[in-house]
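Below are the chains, spelled out letter by letter.
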Amino acid sequence: MPSEPPSPSRLRDLATDLAVERQRLEALVASLDGLARRWEGEGADGERVDAAALRLQSLYTGIERCLLQIVRVLNGGTPEGSAWHRRLLDRLTQATDRRPALLSAATARELGHLLGFRHVVRHLYADDLDPQQVRQRLAGALELWPALSGELEAFDRWLAELIALAEGAAQR
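Residues numbered from 1 in each chain as written. Predicted model: local features only at pLDDT ≥ 70, side-chain atom pairs only at ≥ 80, totals over all residues. Heavy atoms only, no water.

Re the overall build of the protein chain
Then, in step 1: Of the regular secondary structure elements, the protein chain holds 5 helices and 0 strands.
Then, in step 2: Helices (α) and strands (β) of the protein chain occur, in sequence order from the N terminus, as α-α-α-α-α.
Then, in step 3: C-alpha atoms of the protein chain, sized along the principal axes, occupy 60 × 30 × 25 Å.
Then, in step 4: Looking at the protein chain as a whole, 39% of its 172 residues qualify as buried.
Then, in step 5: In the protein chain, 71% of the contacts between residues at least 6 apart in sequence involve partners at least 24 apart.
Then, in step 6: A total accessible area of about 9,600 Å² is found for the protein chain, and carbon and sulfur atoms account for 50% of it.
Then, in step 7: Counting 22 positive and 25 negative side-chain charges, the protein chain places the averaged centre of each group 4 Å from the other. (Helix = DSSP H or I, 4+ residues; strand = E, 2+ residues; numbered from the N terminus. Buried < 20%, exposed > 50% of the residue type's maximum accessible area, 1.4 Å probe, protein only. Contact = heavy atoms within 4.5 Å. Areas by Shrake-Rupley, 256 points an atom, 1.4 Å probe, with all protein chains shown as cover. Lys, Arg positive; Asp, Glu negative; His and termini not counted. Charge placed at Lys NZ, Arg CZ, Asp CG, Glu CD.)

Dropping the structure here:
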């Protein structure tokens, strides 16, 4: 039996939470862009590699936080099991009866690379990070952001329409 759709209040809370996360992600992407520019101009030292790796890990974690908030409210829960992180990405490429697809297949694939990199960063000593791999992920994340940001903005517009519809229905 399907659960009740989320209330207008819960949808507004989701929109607010996503807006807060998006502001933080925008600031993080700007810092990554500045770091990439310094890397290009001054080269890679250990501290720059470490900073980029940490910020890339934070970027993916913030993106995942947004995605989790969406599926908790609109899917009724999060994926479970050992591969739940990847299943989260896969689920969000598919529309459901409660929401449109959020991610394109290409965006989900690139996020999968960033997810894999986050795993590496979390499980290696900083000295073991490969500067070329970090630089590649940094460039990939900066290339990914405009597409991902556009997909998140499209979702925000859809969510605003859903809130308006839910509030209209609640007033009847």
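Still more to cover.
Quick word on the packing of helix α2 (residues 46–74) against helix α5 (residues 131–171)
Then, in step 1: Following both chains from N to C, one finds α2 and α5 inclined at 25°, their axes separated by 11 Å at the closest point. In this view, α2 runs roughly parallel relative to α5, as classed from their interaxial angle. The handedness of the crossing between α2 and α5 comes out as left-handed. Along its contact with α2, which presents Val49, Ala52, Ala53, Leu56, Leu59, Ile63, Ile70 and Leu74, the element α5 presents Pro131, Val134, Arg137, Leu138, Ala141, Leu148, Phe155, Trp158 and Leu162. (Axes fitted to C-alpha atoms, helices over the stretch in contact; angles between N-to-C directions. Parallel < 35°, antiparallel > 145°, perpendicular 65-115°, else oblique. Left-handed = near helix turned anticlockwise from the far one by under 90°.)

Re the packing of aromatic side chains
Then, in step 1: Applying the stated rule across the entire model yields 1 aromatic pair.
Then, in step 2: Stacked on the ring of Trp39, the Lys or Arg Arg135 has its end atom at 5.8 Å from the ring centre. (Phe/Tyr/Trp six-rings, centres within 6.5 Å; stacked < 30°, edge-to-face > 60°. Lys NZ or Arg CZ within 6 Å of the ring centre and 35° of its normal.)

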